[in-house]
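Okay, here's what each chain looks like letter by letter:
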Amino acid sequence: TARKPVLTLDALVLGAGFSGLVMLHKLQNKLGLDVRLIDKADGVGGTWYWNRYPGARSDTESWVYCYSFDPQLYRDWKWTERYPRQAEILSYLEHVSDRFDLRKNMILSTAVTQAHFNEATNRWDVETDKGDRISAKFLITGLGLLSAPNKPPFPGEERFQGRVLQTANWPKEPIDFRGKRVGVIGNGSTGVQVVSELAGEVGHLTLFQRTPQYSVPAQNHPIDPAFLDTIADQLDGYFDRVRKSATVFAFQEATVGAMEVSAEERERVFEKAWNDGGGFNFMFGTFNDIATNRESNAAACDFIRRKIAQVVTDPAKREAVMPTDLYARRPLCDNHYYEAINRPNVSVVNLRKSPIVEFTEKGLRTAEGEVELDYLIFATGFDAVTGNFVRIDFQGRNGVKLKDHWANGPRAFLGLSAAGFPNMFSLYGPPGPFTNQPPAIEWQAEWVSEAIRAVNARGIDTIEATPEAEQAWLDECSRIEQMTLFHKIDWWVSGANIPGKAKAVSFYMGGFGEYMKHADNSARNDYQGYRLTLAKAAAA
Ligand code: NA7
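Residues numbered from 1 in each chain as written. Predicted model: local features only at pLDDT ≥ 70, side-chain atom pairs only at ≥ 80, totals over all residues. Heavy atoms only, no water.

1. What about the overall build of the chain?
The helix and strand tally for the chain stands at 18 helices and 22 strands. On C-alpha atoms alone, the chain measures out to a radius of gyration of 24 Å, which is about the 24 Å that the 2.2 N^0.38 rule sets for 540 residues. Dimensions along the principal axes, computed over C-alpha positions, put the chain at roughly 75 × 60 × 45 Å. Counting only residues that meet the buried cut, the chain has 58% of its 540 residues in that class. Here the analysis covers contacts within the chain between residues at least 6 apart in sequence; of these, 73% occur between residues at least 24 apart. On the chain, roughly 21800 Å² of surface is accessible, and the fraction owed to carbon and sulfur atoms is 49%. (Helix = DSSP H or I, 4+ residues; strand = E, 2+ residues; numbered from the N terminus. Rg over C-alpha atoms; globule rule 2.2 N^0.38 Å. Buried < 20%, exposed > 50% of the residue type's maximum accessible area, 1.4 Å probe, protein only. Contact = heavy atoms within 4.5 Å. Areas by Shrake-Rupley, 256 points an atom, 1.4 Å probe, with all protein chains shown as cover.)

Right under this line is the structure:
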């Protein structure tokens, strides 16, 4: 069969989630470039396209889980709840795609298989699973941090007569769980949402739990459109404050340490945060050292454990779900999770005591026996951070593969630019900010768009991070991470949830306000940390 002709572009964007859409908008509508966006899904949405499982929602306040780049968009779109449901976020991203006429430049249902930097042309040669061939000067990825699903291979799945489901690849048609026996493996953000949503609907729910986690109430509620209007009235100032915080959420971050106040005051602050709701609010809005000081962390743990004990009255289940680790993973919040656990039709299998052995025809066998199931739901997380990068064959200068460059963990200046991969930028790529994403992503998209504009205006052929800048950034990320408790436990942030994956520094934990200063500083100083090559130098 004849090969497709090469499509020659100014820029190619990978991924139709929050990152890709805003990047496409800026390159298409602001810079007027010839640009396309590719996604393997048959629709836009990224994470919010795939994760349609029961109970799926963001646990960030809706009014900061969105874009701020267009004041009229902000004013017109009325979120209905404090925490937006998956379907509502998906409609928002569909609305954005239509409103800014983005669909005309999208290539959907198509997966990029390889992207090689061509040193002769200084362009990216890209190929897809549909045989497309694309040559683009710039390659911008919006691949998502949590998008390559992890499904542990338990033996015997083929003989199971029930249905296996995966939260991160949930079918589009509705499933009637009424009266069914449902198993859930995993109790991270996803598993907690699934269990809370399904417990009241199913016949019996069995949670297969490896590590108990700390979760606080979400305290979701409907929101008044007038409240959104007050933000729209002062949009830039509001989002400027949000972005200058460390975590880019709507709440006020704490400035006092937990051990700097009396025990009574500490209790009052925790109680207030419990009632206000939100996991990040509980970790960062109560005291400024929960994630860095062991004593402060222990005080938060003690408070949450006491709350769990009040709700989960069944002693065996209480013991099973009671967390004992540090409170130093991504902080969870829930919609009556512990009440769901306490229900008589919910049981918890402690996988530390009785690990999963195999699937049977009728269900799942653990060391303590067989559990019969109609459905088994995998809520087992992601090959996080680098998962989608290593699934595509990215190749930079000198034939170096990105997966080899990142064999010991991701490395990229500002999380945006890996050394040896010219004219490639990764929105919310690693090691980058650890924040609520949409407002951070759109700021990075603006930064990248401005870099591309400047490069084109000056007749520059390539912009690439230097190895020194890349190393210095990694050292800075590592230095900051060492000051936190997040790297003291094994979880997806360090790569430790995937067997055989190198433990790595995946984030810049210095806060987004500081992150913006680093990136601005580079741009202001003629893209310090980057090497720029003029077109005539390349030609000579
Ligand atoms: P997470 O937070 O990585 O949670 C995955 C869960 O699955 C967690 O409870 C794991 O237990 C469990 N898991 C993973 N592998 C296994 C095996 N082999 N056996 C038993 N249990 C297993 O993923 P989520 O999707 O919930 O959330 C990811 C992010 O998405 C979240 O932080 C939000 O930002 C959105 P473990 O704790 O490893 O013992």
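2. A look at helix H10 (residues 294-311)
For the α-helix, the turn length of 3.6 residues means that residues three or four positions removed from each other point alike. Taking 1.5 Å of rise per residue, the 18 residues of H10 would be expected to cover 26 Å, and the 26 Å separating its terminal C-alpha atoms lies within 8% of that figure. The inward-facing, buried residues of H10 abut strand E10 (215-217), helix H8 (263-276), helix H9 (279-285), helix H11 (315-321) and helix H12 (337-342). Of the residues flanking the start of H10, the one acting as N-cap is Asn293, its side-chain oxygen 2.7 Å from the backbone nitrogen of Glu295. (Expected span 1.5 Å × (residues − 1). Polar contact = N/O pair within 3.5 Å; in protein donor to acceptor, adjacent residues only side chain to side chain.)

3. A word on the site of the ligand
Around the ligand lies a shell of 20 residues, among which Thr190, Arg210, Thr211, Arg329 and Arg330 are the nearest. A distance of 2.5 Å separates an oxygen atom of the ligand from a polar side-chain atom of Thr211. For the ligand, the protein covers 85% of the area, taking 770 Å² as the surface of the free molecule. The residue inventory of the shell around the ligand, partitioned by class, reads eight nonpolar, eight polar and four charged. (Near = heavy atom within 4 Å. Nonpolar A, V, L, I, M, F, W, Y, C, P; charged D, E, K, R; others polar.)

4. Concerning the packing of aromatic side chains
Evaluated as defined, the whole model comprises 49 aromatic pairs. Note on Phe425 and Tyr530: the rings are 6.5 Å apart at their centroids and 50° apart in plane angle, and the pair reads as tilted. With Phe425 in strand E18 (residues 424-426) and Tyr530 in strand E22 (residues 530-534), this pair connects stretches of sequence that are 105 residues apart. Tyr530 matches Phe425 in its accessibility class, with the two residues each being buried. With a centroid separation of 5.8 Å and an interplanar angle of 90°, the aromatic rings of Trp443 and Phe512 are classed as edge-to-face. (Phe/Tyr/Trp six-rings, centres within 6.5 Å; stacked < 30°, edge-to-face > 60°.)

5. Here we look at the sheet that holds strand E13 (residues 356-359)
Within a beta sheet, neighbouring strands are joined by backbone hydrogen bonds and run either parallel or antiparallel to one another. Spatially, the three strands line up as an open sheet ordered E13-E14-E15, and their pairing is antiparallel. A strand with exactly one partner marks an edge of an open sheet, and here the two such strands are E13 and strand E15 (369-372). The mean angle between the axes of side-by-side strands here comes to 25°, regardless of whether they run parallel or antiparallel. Summarising the sheet, strand E14 (residues 363-366) and E15 pair through four bridges and their orientation is antiparallel. Paired with Gly363 across the bridge in E15 is Glu372. (Pairing = 2+ DSSP bridges. Axes fitted to C-alpha atoms, helices over the stretch in contact; angles between N-to-C directions.)

6. Topic: the pattern of salt bridges
Overall, the coordinates contain 42 salt bridges when judged by the stated rule. Glu61 serves as the salt-bridge partner of Arg82, at 2.9 Å between the closest nitrogen and oxygen. Here Arg82 is found in the loop between helix H3 (71-76) and helix H4 (86-99), whereas its partner Glu61 is found in the loop between helix H2 (47-50) and H3, with 21 residues between them in sequence. Of the two residues, Arg82 and Glu61, both sit in the buried class. In this structure, the salt-bridge partner of Lys503 is Asp490, at a minimum N-O distance of 2.9 Å. With Lys503 in the loop between helix H16 (467-482) and strand E21 (507-508) and Asp490 in the loop between H16 and E21, the pair connects residues that are 13 residues apart, well separated along the chain. Residues joined by salt bridges that share partners form a network here, namely Arg75, Lys78, Asp229 and Asp233. (Salt bridge = Lys/Arg side-chain N within 4 Å of Asp/Glu carboxyl O.)

7. Observations regarding the sheet that holds strand E8 (residues 181-185)
Strand order in the open sheet formed by five strands is E7-E16-E8-E9-E12, and the pairing between neighbours is parallel. Two strands close off the open sheet at either side, each with one partner strand: strand E7 (163-166) and strand E12 (346-350). With strand direction ignored, the average angle separating the axes of adjacent strands in the sheet is 20°. One ladder, built from five bridges, connects E8 with strand E9 (residues 204-209); its direction is parallel. Bridge pairing in E9 links Val182 to Leu205. Strands E8, E9 and strand E16 (375-378) of the sheet are contacted by helix H5 (residues 189-198), whose axis makes an angle of about 160° with E8.

8. Remarks on the confidence of the model for the chain
Atom-level detail of predicted coordinates should not be read off regions where pLDDT is low. In this model, the chain carries an average pLDDT of 96, and 99% of its residues clear a pLDDT of 70 or more. For this predicted complex, the interface score ipTM comes out at 0.99, while the overall pTM is 0.97. (pLDDT = per-residue confidence, 0-100.)

9. Side note on the packing of H8 against H10
As a packed pair, H8 and H10 sit with axes 11 Å apart at the nearest point and diverge in direction by 55°. In terms of orientation, H8 and H10 fall into the oblique class. H8 and H10 meet at a crossing whose hand is right-handed. Taking contact as the criterion, the partners of Arg266, Glu267, Phe270, Glu271 and Trp274 in H8 are, on H10, Ala299, Ala300, Phe303, Ile304, Arg306 and Lys307. Grouping the constituent residues of the contact of H8 with H10 by class yields six nonpolar, no polar and five charged. (Parallel < 35°, antiparallel > 145°, perpendicular 65-115°, else oblique. Left-handed = near helix turned anticlockwise from the far one by under 90°.)

10. Observations regarding the side chain of Gln395
Relative to the helices and strands, Gln395 is located in strand E17 (residues 393-395). Of note is the side chain of Gln395, whose polar atom sits 2.8 Å from the side chain of Lys401. Among all residues touching Gln395, those that are not within four sequence positions of it are Ala115, His116, Phe117, Trp124, Val400, Lys401 and Phe421.

11. Remarks on H8
Taking 1.5 Å per residue, 14 residues should reach 20 Å; H8 reaches 20 Å between its end C-alpha atoms and fits that length. All buried positions along H8 are accounted for by Arg266, Val269, Phe270, Ala273 and Trp274. Down the axis of H8, the smallest arc covering the buried residues is 140°, so these residues share one side. The inward-facing, buried residues of H8 contact E10, H9 and H10. (Arc of directions from axis to C-beta.)

12. Some points on the pairing of E13
Successive residues of a regular strand alternate their side chains across the two faces of the sheet. As defined by bridge partners, E13 adjoins E14 across three bridges and the pair is classed as antiparallel. Counted as the bridge partner of Phe359 is Leu364 from E14. Where E13 hands over to E14, the hairpin turn is made up of three residues, counted between the paired strands.

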